[in-house]
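# Survey of secondary and tertiary structure
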Protein chains: 2
Amino acid sequence: MQEIRIMGLEGFPLVKTGDDLAVLIIQAAEKEQVSIDDGDILVVSQKVVSKANGRVTQLKTVKPSKKALAVARKTSKDPRFVELVLEETANIVKASAEILIVENKGGLVCINSGVDKSNVPGVDSYTSLPQDSDESARKLRTQIMRLTGRKVAVIICDTYSRPFRRGQVEFAIGLAGIHPFKDYRGKRDLYHHLLRVKNVAVADEIAAAAELVMGQGDEGIPIAIVKNVKRVERDGSFSAESLNISREEDLFRETL
Amino acid sequence: MQEIRIMGLEGFPLVKTGDDLAVLIIQAAEKEQVSIDDGDILVVSQKVVSKANGRVTQLKTVKPSKKALAVARKTSKDPRFVELVLEETANIVKASAEILIVENKGGLVCINSGVDKSNVPGVDSYTSLPQDSDESARKLRTQIMRLTGRKVAVIICDTYSRPFRRGQVEFAIGLAGIHPFKDYRGKRDLYHHLLRVKNVAVADEIAAAAELVMGQGDEGIPIAIVKNVKRVERDGSFSAESLNISREEDLFRETL
């Protein structure tokens, strides 16, 4: 029988710029008596990656551009906050009363470009997403493999709102050592009919699954270890950016 | 340490109209030596619920309406298939070359109203979603509790495409015995800042997590048992329809 196990590493220390996340993860796993094994998928909250990478900015140090001032007026947001958002932005998708939705430089369409203050110390401090979340995942994976000898995968996750659905779920925004999709197209179903459409975004599903142990509030746990996920490809060079669909390919174009 | 376990019930029989899913689930769990315990969440594929409920239609028995004929011309689809879709539809959201996106009667915006032929026997047979997926979940939950004495929750899941993201994930389309959201709004983060937005769609996350053992193709497993999910509310009367956000509330309005 297939059984997936998802473990949240409790008691993870508060992360500061320059911390070696691989070391912290290995220490936390030891303390919790969780072994790190070949094939494990480590799901890591964007927040701790951004903090370790120094992607924390105090608003008082930000000087807003003219564009940020204009967008801030349109959205009734702090122009310095908008400046942080625009630094990560390829295109503004929507700027209206209190809503700022952008396509970020990695092609992810999201609110405020992922700039966020939850679980960040200091009243006017915000995190920005890692500059290259796939690269951060690759580095973390390499370092964990170097220190443990175990061939793991890494998914960096963040919390996102979705069109048409209420509430948020975790998405995969960076990954290494795991294919973001399980593609069933061209395969056969139970009755040997051809599957023409099914291409499952397993990396998003793993991120969502990990949230169930990670949580969001003051009990927040930034690391989950997911064991025994079958049917995913692990060898190859992968990117979470392929989870972002282009406007042209998006079947939901002109539906909102 | 928090540890969630997700088990796929392999060797589940092919389901026919009139089958008692509760009995089949209990038998499959016994065969796999998985205990059903208080607090377990049973995730059940829409496909087996629709089959047990007799929601399978052969196209050759369908007489398309004038509206179905018109929509079929617009979308290059079989008018009898379109008739099945329209029977479940509250509003057509998009009908263009080969794409038919609707809001179904439960408020779910999706492709083809969930009418689908994968894992359905017969070349021209299609399943429609359960008429009331929450009611189906409630009945299944009651029957399992009656037969086992265990207080379980039930989530009925189906595979959906999402705007902006490539590939599909499972969503919760019916549920009983579990709150679809974990609401952090008004709570405090690690640094005691107020969380203003976080309202996590845990039922969608659990559906996505279950897909990791369920799969989609000829190895498809229609039932997963999810154990040890904390931080979800279980007492009360809940509906998966609250996962559908209204056009007015949707922050992504006018972004596609």
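Residues numbered from 1 in each chain as written. Chains lettered and ligands numbered in written order. Predicted model: local features only at pLDDT ≥ 70, side-chain atom pairs only at ≥ 80, totals over all residues.

The next thing to look at is the pairing of strand S12 (residues 223–227) of chain B. Each regular strand carries side chains that alternate between the two faces of the sheet. Residue and element names in this part refer to chain B. Burial of S12 is extensive: four of the five residues sit out of reach of the surface. As paired strands, strand S1 (residues 3–8) and S12 are joined by four bridges and run antiparallel to one another. In the sheet register, Gly 8 faces S12, and the bridge partner there is Ala 224. Pairing geometry for strand S2 (residues 41–45) and S12, over four bridges, is antiparallel. Bridge pairing in S12 places Val 44 opposite Ile 223. (Buried ≥ 20, exposed ≤ 12 C-beta atoms within 10 Å, placed from the backbone. Helix = DSSP H or I, 4+ residues; strand = E, 2+ residues; numbered from the N terminus. Pairing = 2+ DSSP bridges.)

The subject of this paragraph is the environment of A:Val109. All names here are of chain A. Here Val 109 shows up in strand S6 (residues 109–111). Among the residues examined, Val 109 registers 25 C-beta atoms within 10 Å and is labelled buried. Distance in space between the C-alpha atoms of Val 109 and Ile 92 is 9.2 Å, their sequence separation being 17 residues.

Before going further, it helps to spend a moment on unusual backbone geometry. Residues and elements named next belong to chain B. At Glu 98, a position not held by glycine, the phi torsion is positive, near 65 degrees. Here Glu 98 is to be found in the loop between strand S4 (89–96) and strand S5 (99–104). Even without being a glycine, Arg 231 presents a positive backbone phi close to 60 degrees. Considering the arrangement of structural elements, one finds Arg 231 in the segment after S12.

Our focus in this paragraph is the interface of chain B and chain A. Contacts between the two partners involve 70 residues from chain B and, on the opposite side, 71 residues from chain A. Elements supplying a minimum of two residues to the side of chain B that touches chain A: S1, S4, S5, strand S6 (109–111), strand S8 (153–162), strand S9 (165–176), strand S11 (199–200) and helix H6 (202–214) of chain B. When residues of the side of chain B that touches chain A are assigned to their parent elements, the largest contribution, nine residues, is made by H6(B). Across the side of chain B that touches chain A, the residue classes tally to 32 nonpolar, 17 polar and 21 charged. Relative to S1(B), strand S1 (residues 3–8) of chain A is paired through five bridges, and the arrangement is antiparallel. Pairing of A:Arg5 across the sheet is with B:Arg5, part of S1(B). (Contact = placed C-beta atoms within 7 Å. Nonpolar A, V, L, I, M, F, W, Y, C, P; charged D, E, K, R; others polar.)

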